[in-house]
Amino acid sequence: MKIVQVKDYNEMSEAACSLIIREIHNDPELVLGLATGSTPEGLYKKLIEKYNQEAVSFKAITSFNLDEYIGLSKDNRNSYHFYMENYLFQHIDINMQNVYVPTANSPDAEKECSAYEKLIRDNGKIDLQILGLGTNGHIGFNEPGTKFSSRTHIVNLAESTRKANARFFETIENVPTSAITMGIKTIMESREIIILVSGERKAKALARFINGEISEHFPASILKKHDNVTVIADEAAMNNLK
Ligand code: F6R
């Protein structure tokens, strides 16, 4: 696992942006795995800037999002469909036919999970997956205790995750209790993974991720077994490692 230490959130976003652009230049048909949450907001801003400067085109890429809340419509401002549209898709030349976010409102959510998994497989797997780190070690919405062998599935969100994400909602009661997420095995099959970690809020989790044992109690720990993972972390997040 490669660890890149950067000064702050801005540098983290810049480093991730450069890496993605390099990969798109190498392969304009890249299959990109995307995350939501506060961590990649800066990265998406930088990608849009680069697109506006004509330094990159997203025309031929395909994207798969990690997860989506169950129970929120696509136009609910807290849904990940809305987030992606707002923070990235509407500002770039990506072909919306090649954009995939789990449909968490489908009447048969189990069927949606296997269909999503098949779509990823049919696209030849994910070339580059972007991840954020949950304070409880989750990746995607794979909460502590999720099997490393899991594929796209429905999850009940941990109370700690609902609390952490309550900042986006009016009250904690409004935070959905379940979601669809790519599984840990699905994520591990990506050819390359970049995990972004910023801020003191993540310092404990980052220290456990880097120094702790590999265990299903801390989902991100499995990434240490992947042979092409880059952690881009800022000084505040690295604080507990010193
Ligand atoms: C988001 C996702 C989550 C977040 C994680 C960190 O699609 O899958 O695993 O990456 O919860 O969230 P933030 O970035 O808001 O701290």
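You'll find the structure just up there.
Note that the structure is predicted; figures quoted are calculated from it, not measured.

A. Here's a closer look at the overall build of the protein. Looking only at helices and strands, one finds eight helices and ten strands in the protein. For 242 residues, the compact-globule estimate of 2.2 N^0.38 gives 18 Å, and the C-alpha radius of gyration of the protein, at 17 Å, lies within 12% of that figure. Expressed as a percentage of the 242 residues in the protein, the buried residues total 54%. Sequence separation of 24 or more characterises 80% of the internal contacts of the protein that already satisfy a separation of 6 or more. Per element, the accessible surface of the protein, about 11,000 Å² overall, is 46% carbon and sulfur. Separation between the mean location of the 27 positive side-chain charges and that of the 32 negative ones in the protein comes to 4 Å.

B. Molecular detail of the sheet that holds strand β3 (residues 62-65). Taken in spatial order, the seven strands of this open sheet run β1-β10-β9-β6-β2-β3-β5, and their pairing is parallel. Looking at strand neighbours, the two that pair on one side only are β1 (2-6) and β5 (99-100), the edges of this open sheet. When strand β9 (residues 192-197) meets strand β10 (residues 229-234), the two strands line up parallel, connected through five bridges. Looking at β10, one finds that I194 is bridged to T230.

C. Fine view of the site of the ligand. Near the ligand you find 14 residues, and of these T39, D67, H138, G140 and K202 are the closest. Side-chain polar atom of R167 to an oxygen atom of the ligand: 2.9 Å apart, as the coordinates give it. Within the contact set of the ligand, an oxygen atom lies 2.8 Å away from a side-chain nitrogen or oxygen of R201. For the ligand, whose accessible area on its own is 410 Å², the fraction buried by protein is 97%. Here the shell around the ligand is composed, by residue class, of three nonpolar, seven polar and four charged.

D. Focus on the sheet that holds strand β7 (residues 153-156). Spatial ordering of the open sheet is given by β4-β8-β7, a layout of three strands whose pairing is antiparallel. Sheet topology places β4 (67-69) and β7 at the edges, where each strand pairs with a single neighbour. Averaged over all pairs of adjacent strands, the angle between their axes in this sheet comes to 25 degrees, without regard to strand direction. In this sheet, strand β8 (residues 178-181) lies alongside β7 in antiparallel orientation, the contact comprising four bridges. Note that in β8 the partner of V155 across the bridge is A179.

E. The arrangement of the nonpolar core in detail. Grouped together as the largest cluster of nonpolar side chains are 40 residues, with contacts concentrated most on L43, L47 and L88. At the level of secondary structure, the elements contributing two or more residues to this core comprise α1 (9-26), β2 (31-34), α2 (41-52), α3 (80-87), β6 (128-132) and β9. Element by element, the count of residues in this core is highest for α1, at seven residues. With residues up to four places along the chain from it excluded, the contact list for L43 reads S13, A16, C17, I20, I130 and L196. Counting 27 residues, the second largest nonpolar core, distinct from the first, contains Y116, I126, V229 and A233.

F. Spotlight on the packing of α2 against α3. Packing of α2 against α3 leaves a shortest axis separation of 10 Å and a crossing angle of 40 degrees. Judged by the inter-axis angle, α2 sits oblique to α3. For the pair formed by α2 and α3, the contact residues are E41, Y44 and I48 on the first element and Y83, M84 and Y87 on the second. Across the contact of α2 with α3, the residue classes break down as five nonpolar, no polar and one charged.

G. Focus on the pattern of salt bridges. Scanning the entire structure with this criterion turns up eight salt bridges. The salt bridge involving E14 is made with K46; its shortest N-O contact spans 3.5 Å. In this pair, E14 is assigned in helix α1 and K46 in helix α2, connecting sequence segments 32 residues apart. Two residues, E189 and R151, come together in a salt bridge whose shortest N-O distance is 2.6 Å. One end of the pair, E189, is in the loop between α6 (184-188) and β9; the other, R151, is in the loop between β6 and β7, with 38 residues separating them in the sequence. Judged by its relative accessible area of 31%, R151 is partly exposed. If you follow the salt bridges from partner to partner, you end up with E117, R151 and E189 in one network.

What counts, and where the lines are drawn
Residues numbered from 1 in each chain as written. Predicted model: local features only at pLDDT ≥ 70, side-chain atom pairs only at ≥ 80, totals over all residues. Heavy atoms only, no water. Helix = DSSP H or I, 4+ residues; strand = E, 2+ residues; numbered from the N terminus. Rg over C-alpha atoms; globule rule 2.2 N^0.38 Å. Buried < 20%, exposed > 50% of the residue type's maximum accessible area, 1.4 Å probe, protein only. Contact = heavy atoms within 4.5 Å. Areas by Shrake-Rupley, 256 points an atom, 1.4 Å probe, with all protein chains shown as cover. Lys, Arg positive; Asp, Glu negative; His and termini not counted. Charge placed at Lys NZ, Arg CZ, Asp CG, Glu CD. Pairing = 2+ DSSP bridges. Near = heavy atom within 4 Å. Polar contact = N/O pair within 3.5 Å; in protein donor to acceptor, adjacent residues only side chain to side chain. Nonpolar A, V, L, I, M, F, W, Y, C, P; charged D, E, K, R; others polar. Axes fitted to C-alpha atoms, helices over the stretch in contact; angles between N-to-C directions. Core = buried A, V, L, I, M, F, W, Y, C linked by side-chain atoms within 4.5 Å. Parallel < 35°, antiparallel > 145°, perpendicular 65-115°, else oblique. Salt bridge = Lys/Arg side-chain N within 4 Å of Asp/Glu carboxyl O.

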